[in-house]
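Residue strings, one per chain:
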Amino acid sequence: MTSRDEVSELASEVVARLLPGLLVRTQESRFWSTTPDDEVLQGIVVSAGIDVSVGRRSQSVDVKTTYNIDALRRPDDGADSAGETPAEGWRSSVVLHGQWHLEDPQTLSDDAVRAFAVKVGVMTLHPYARAHIQTAVVAAGWPTYTLDVLTHQDDLFVSEDDPESVDLNLVTLD
């Protein structure tokens, strides 16, 4: 486990080597939807998950964020009765890729690269995911949905055992 202060320190090792230029692209995008109707507009239950992986190349650090979102329609009467499962509304899966160019990334520790993914990568790519998902949802005819703004991105990686520590092992190293 790594303290939040140590994560910031490790991430700053990577930030200190950054060169101009950032490439952000949508690596993969999938969207499934049922036909929206007036009854559905009463309520949507949304669950979102974010997975992060990071890798190094000869002159860059690459961060991938994967967003999987399921929006479920509530039962027709709007009540969540025992035994009634919400019907599918829409689903979205988006993989975003960010590439930062930097000096000599091969000499960075694995923890520094993971910390960079947590502190900088997720926060940088999140607005792109928000815009992408919001556009797809509206284009499919559903009411506007916008992902929450990330205020403390390292909360995504907090250790269950120690809320003051970040588990960098939750970031996959490619």
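The preceding data block contains the structure.
Residues take numbers from 1 onward in each chain, read along the sequence in its written order. Local features are withheld for residues below a pLDDT of 70 in this predicted model, meaning they are given only at 70 or higher, and side-chain atom pairs are given and counted only at 80 or more; totals for whole chains, interfaces and linings count all residues. Each side-chain value is worked out from all heavy atoms of the structure, with water and hydrogens disregarded.

Novice: Quick question: what am I supposed to make of the overall build of the protein here?
Specialist: Strands here mean DSSP runs of E at least two residues long; helices mean DSSP runs of H or I at least four residues long; both are numbered from the N terminus. Check the secondary structure of the protein and you find 2 helices and 7 strands. Reading the helices (α) and strands (β) of the protein from amino to carboxyl end gives β-α-β-β-β-β-α-β-β. Each residue is placed in one exposure class: buried if its accessible area under a 1.4 Å probe, protein chains only, is under 20% of its type's maximum, exposed if it is over 50%, and partly exposed if it falls in between. Looking at the protein as a whole, 36% of its 174 residues qualify as buried. Nonlocal contacts in the protein, meaning residues at least 24 apart in sequence, comprise 76% of its contacts between residues at least 6 apart. Working definition of accessibility: Shrake-Rupley area with a 1.4 Å probe, residue cover restricted to the visible protein chains. Surface accessibility of the protein: about 9300 Å² in total, with carbon and sulfur atoms responsible for 46%. Here, two residues are considered to be in contact whenever any of their heavy atoms come within 4.5 Å of each other.

Novice: Any chance you could explain the side chain of Gln99 here in plain terms?
Specialist: Position of Gln99 among the secondary structure elements: in strand 5 (residues 87-102). Gln99 sits in the buried class, given a relative accessible area of 11%. By the criterion applied in these results, polar contacts are pairs of N or O atoms within 3.5 Å in which, for protein atoms, one can donate a hydrogen and the other can accept it, and in which residues neighboring in sequence qualify only through two side-chain atoms. Engagement of the side chain of Gln99 in a polar contact is seen with the side chain of Asp62, the distance being 3.3 Å. Those residues in contact with Gln99 that sit more than four places away from it in its chain are Gly21, Leu22, Leu23, Arg57, Ser60, Val61 and Asp62.

Novice: Would you explain helix 2 (residues 110-139) in this entry?
Specialist: Counting along an α-helix, one turn takes 3.6 residues, and residues three or four places apart therefore face a common direction. The span one expects for a helix is its residue count, reduced by one, times 1.5 Å. Helix length check: helix 2 (30 residues) gives 40 Å between terminal C-alpha atoms against 44 Å at 1.5 Å per residue, within 8%. We define the bend at each residue as the angle formed by axes fitted to the 7 residues ending at it and the 7 residues starting at it. A maximum bend of about 40° is found in helix 2 at Gly121. Of the residues trailing helix 2, Gly141 is marked for its positive phi of about 95°.

Novice: Would you mind showing me how to read the environment of Val54 here?
Specialist: The residue Val54 is located in strand 3 (residues 44-56) in this model. Using a relative accessible area of 1% as the deciding quantity, one classes Val54 as buried. Separated by 118 residues in the primary sequence, Val54 and Thr172 place their C-alpha atoms 6.3 Å from one another. Those residues in contact with Val54 that sit more than four places away from it in its chain are Val61, Asp62, Val63, Val113, Arg114, Ala117, Val171, Thr172, Leu173 and Asp174.

Novice: So what exactly am I meant to see when it comes to the nonpolar core here?
Specialist: In a soluble, globular protein the nonpolar side chains are often hidden away together inside. We define the nonpolar core as a collection of buried residues of types Ala, Val, Leu, Ile, Met, Phe, Trp, Tyr and Cys that are connected through side-chain atoms lying within 4.5 Å of one another. Within the largest apolar cluster, 24 residues are counted, with the highest numbers of intra-cluster contacts made by Val52, Val54, Val61, Val63, Phe157, Leu168 and Val171. Among the secondary structure elements, those contributing two or more residues to this core are helix 1 (4-15), strand 3, strand 4 (60-73), strand 5 and helix 2. Within the second largest apolar cluster, 12 residues are counted, among which are Tyr67, Ile69, Val94 and Ala129.

Novice: Explanation requested: unusual backbone geometry in the structure shown.
Specialist: Note: most residues except glycine have negative phi, and most peptide bonds are trans. Backbone geometry places Asp104, a non-glycine residue, at a positive phi of 50°. Relative to the assigned elements, Asp104 resides in the loop between strand 5 and helix 2.

Novice: Would you explain the packing of aromatic side chains in this entry?
Specialist: We describe a pair of aromatic rings using the distance from one ring centre to the other and the angle between the two ring planes. Pairing of aromatic rings covers Phe, Tyr and Trp, the last counted by its six-membered ring, and requires centre-to-centre distances within 6.5 Å; plane angles under 30 degrees mean stacked, over 60 mean edge-to-face, and any other angle means tilted. Taken as a whole and assessed by the stated rule, the structure comprises 3 aromatic pairs. Aromatic pair Phe31 and Trp90: ring centres 5.8 Å apart, planes at 20°, arrangement stacked. Remark: Trp90 occurs in strand 5 and Phe31 occurs in strand 2 (residues 18-33); sequence separation between them is 59 residues. When its relative accessible area of 2% is taken as the criterion, Trp90 is described as buried. Seen from their ring centres, Trp100 and Phe116 are 5.2 Å apart, and the 90° between their planes marks the pair as edge-to-face. With a gap of 16 residues between them, Trp100 in strand 5 and Phe116 in helix 2 connect regions that are remote in the sequence. Since its relative accessible area comes to 5%, Trp100 is described here as buried. Using a relative accessible area of 0% as the deciding quantity, one classes Phe116 as buried. A connected cluster of aromatic rings, assembled from ring pairs, spans Phe31, Trp90 and Tyr145. Comment: the charge-over-ring label is applied if NZ (Lys) or CZ (Arg) is within 6 Å of the ring centre and within 35 degrees of the ring normal. The side chain of Arg91 reaches across the aromatic face of Trp32, ending 5.4 Å from its centre.

Novice: When you look at the pattern of salt bridges in this model, what are you seeing that I'm missing?
Specialist: For this document, the term salt bridge refers to a Lys or Arg side-chain nitrogen within 4 Å of an Asp or Glu carboxyl oxygen. Tallied over the full model, the rule gives 5 salt bridges. We note a salt bridge from Arg30 to Glu28, for which the minimum N-O separation is 3.2 Å. Judged by its relative accessible area of 31%, Glu28 is partly exposed. Ionic pairing is found between Asp62 and Arg57, a salt bridge with its closest N-O pair at 2.6 Å.

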